[in-house]
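Structure assessment
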Amino acid sequence: MSLAEKINEINEEVRVNIPVDIQAVMAEATQTLSESDLVSNAPKAGDTMKNFTLPNALGEERSLDTLREIGPVVVTFYRGGWCPYCNLELRAYQHVLSDITAAGASLVAITPELPDASLSTIEKNGLGFEVLTDENSNYARKLGLVFTLPEELQAIYTRLGLHLEKHNGQGQFDLPLVATFIVGVDGTILSAFVDADYRVRKEPSEIVEELKLKRKG
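For clarity, every value in this text was computed on a predicted model and none was experimentally measured.

Comments concerning the side chain of T180
Within the secondary structure, T180 sits in strand β8 (residues 178–183). With relative accessibility at 2%, the residue T180 sits in the buried group. Looking at T180, its side chain comes within polar contact range of the side chain of T76, at 2.9 Å. Aside from chain neighbours lying at most four places away, what touches T180 is V74, V75, T76, E89, Y93, S191, A192, F193 and I207.

A look at the pairing of strand β4 (residues 106–111)
Note on strand geometry: in a regular strand, side chains alternate between the two faces of the sheet. Of all six residues that make up β4, five are buried, and the element is covered over most of its length. Sheet analysis places strand β3 (residues 73–77) next to β4, joined by five bridges and oriented parallel. Its bridge partner lying in β4, T76 is registered against A109. Pairing geometry for β4 and strand β5 (residues 130–133), over four bridges, is parallel. What sits directly across from T111, in β5, is T133. Read as a crossover between parallel neighbours, the route from β4 over helix α7 (residues 115–125) to β5 is right-handed.

Comments concerning the nonpolar core
Core analysis: the largest hydrophobic core is formed by 70 residues, its most contacted members being F52, V75 and F77. Per-element accounting of this core gives the leading share, six residues, to helix α5 (residues 84–95). Apart from residues lying up to four places away in sequence, V75 is in contact with M49, F52, L64, V108, I110, A179, T180, F181 and V183.

Considerations on the sheet that holds β5
With mixed pairing, five strands are arranged side by side in an open sheet as β5-β4-β3-β8-β9. The open sheet has two edge strands, β5 and β9 (189–195), and neither has a second partner. Adjacent strand axes in the sheet meet at a mean angle of 15°, parallel and antiparallel pairs treated alike. Sitting on the sheet, α5 is in contact with β3, β4 and β8, with an inclination near 165° to β3.

Side note on helix α9 (residues 151–159)
Residues of α9 that are buried: L153, Q154, I156 and Y157. The buried residues of α9 occupy an angular sector of 165° when projected down its axis, which confines them to one face. Exposed positions of α9 whose direction lies more than 90 degrees from the buried face are E151, E152 and R159. On its buried face, α9 is in contact with α2 (20–34) and α10 (164–168). Phi turns positive one or two residues past the end of α9, at G161, with a value near 85°.

Some details on the packing of α2 against α9
It is at 10 Å that the axes of α2 and α9 come closest, and there the two elements cross at 135°. In terms of their interaxial angle, α2 and α9 are classed as oblique. When the axes of α2 and α9 are compared, the crossing they make is left-handed. For the pair α2 and α9, contact is made by I22, V25, M26 and A29 and by E152, L153, I156, Y157 and R159, respectively. For the contact of α2 with α9, a count of residues per class yields seven nonpolar, no polar and two charged.

Points about the pattern of salt bridges
Inspection of the entire model under this criterion finds nine salt bridges. The residue E130 makes a salt bridge to R62 at a minimum N-O spacing of 2.6 Å. Taken together, the residues span a long stretch of sequence, with E130 in strand β5 and R62 in strand β2 (residues 61–63) at a distance of 68 residues. By relative accessible area, E130 is classed as partly exposed at 23%. Using a relative accessible area of 25% as the deciding quantity, one classes R62 as partly exposed.

What counts, and where the lines are drawn
- Residues numbered from 1 in each chain as written.
- Predicted model: local features only at pLDDT ≥ 70, side-chain atom pairs only at ≥ 80, totals over all residues.
- Heavy atoms only, no water.
- Helix = DSSP H or I, 4+ residues; strand = E, 2+ residues; numbered from the N terminus.
- Buried < 20%, exposed > 50% of the residue type's maximum accessible area, 1.4 Å probe, protein only.
- Polar contact = N/O pair within 3.5 Å; in protein donor to acceptor, adjacent residues only side chain to side chain.
- Contact = heavy atoms within 4.5 Å.
- Pairing = 2+ DSSP bridges.
- Right-handed = clockwise from strand over helix to strand, strands pointing away.
- Core = buried A, V, L, I, M, F, W, Y, C linked by side-chain atoms within 4.5 Å.
- Axes fitted to C-alpha atoms, helices over the stretch in contact; angles between N-to-C directions.
- Arc of directions from axis to C-beta.
- Parallel < 35°, antiparallel > 145°, perpendicular 65-115°, else oblique.
- Left-handed = near helix turned anticlockwise from the far one by under 90°.
- Nonpolar A, V, L, I, M, F, W, Y, C, P; charged D, E, K, R; others polar.
- Salt bridge = Lys/Arg side-chain N within 4 Å of Asp/Glu carboxyl O.

See below:
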C-alpha cells in the first residue's frame, strides 16, 4: 500500500471520528496557510541548501556539509511524533531506506521535537536513519518553512490529547511545513517538495526513483 493510500485511511478516520466543527477549524487553518506565501517562497530546485548542524536523539551533532561529502542527502521535515501523518511518512521512509542507501544517498529527518521526544518517535517507528532536533524550529525558519499553529488549533489539539509543548518545549507552537529535499554533493537542491497541507506527502518511492535517475545522469 502506498503512503497516499495509508493517508487516505487516516483521512477517513478523521472524517468519521472528529467532530465536524473541529474539522472545519482545521480545514480553515490549512486553507489560510495555503493562501500565504510560505510555499512560494520556500527553497526550490536549483537553490543552495543552507547548512545545518543539529543534534540527533543522542546529542551527537550532524551537519549537512559533512553528510553531503559522502553523497546526496534526502532531508525531510516532520511536525512531531504526535502527528499520525508524520509517523506514516517516517515508516514509509524506513521501508525504502535500503533503496536510498543503495542509490548512494543518506536520509535525515528534521523535527522541532526535543531529543527525548524524538527518541520515542524513533523507537516507536523502528527508524534506522538520523532524526535531528531543530529546537525552536530555528533552522526551518531560516529556510522560510515555519508557521505558528493558530491559538484556536492549539486549544483543539490539547482537547484531543496532543500536547505539543511536551514534545517541542514550553511555549513552542512553531511547526515546519511538509517539506522534503534532495540535496546534491555540492549543496544544490536537486528536488524540492513543499506543501501547506499536512495531509499531503511525497511518496518516498518517488524520492528513490529520483535518486536513481540522478545517479545514472
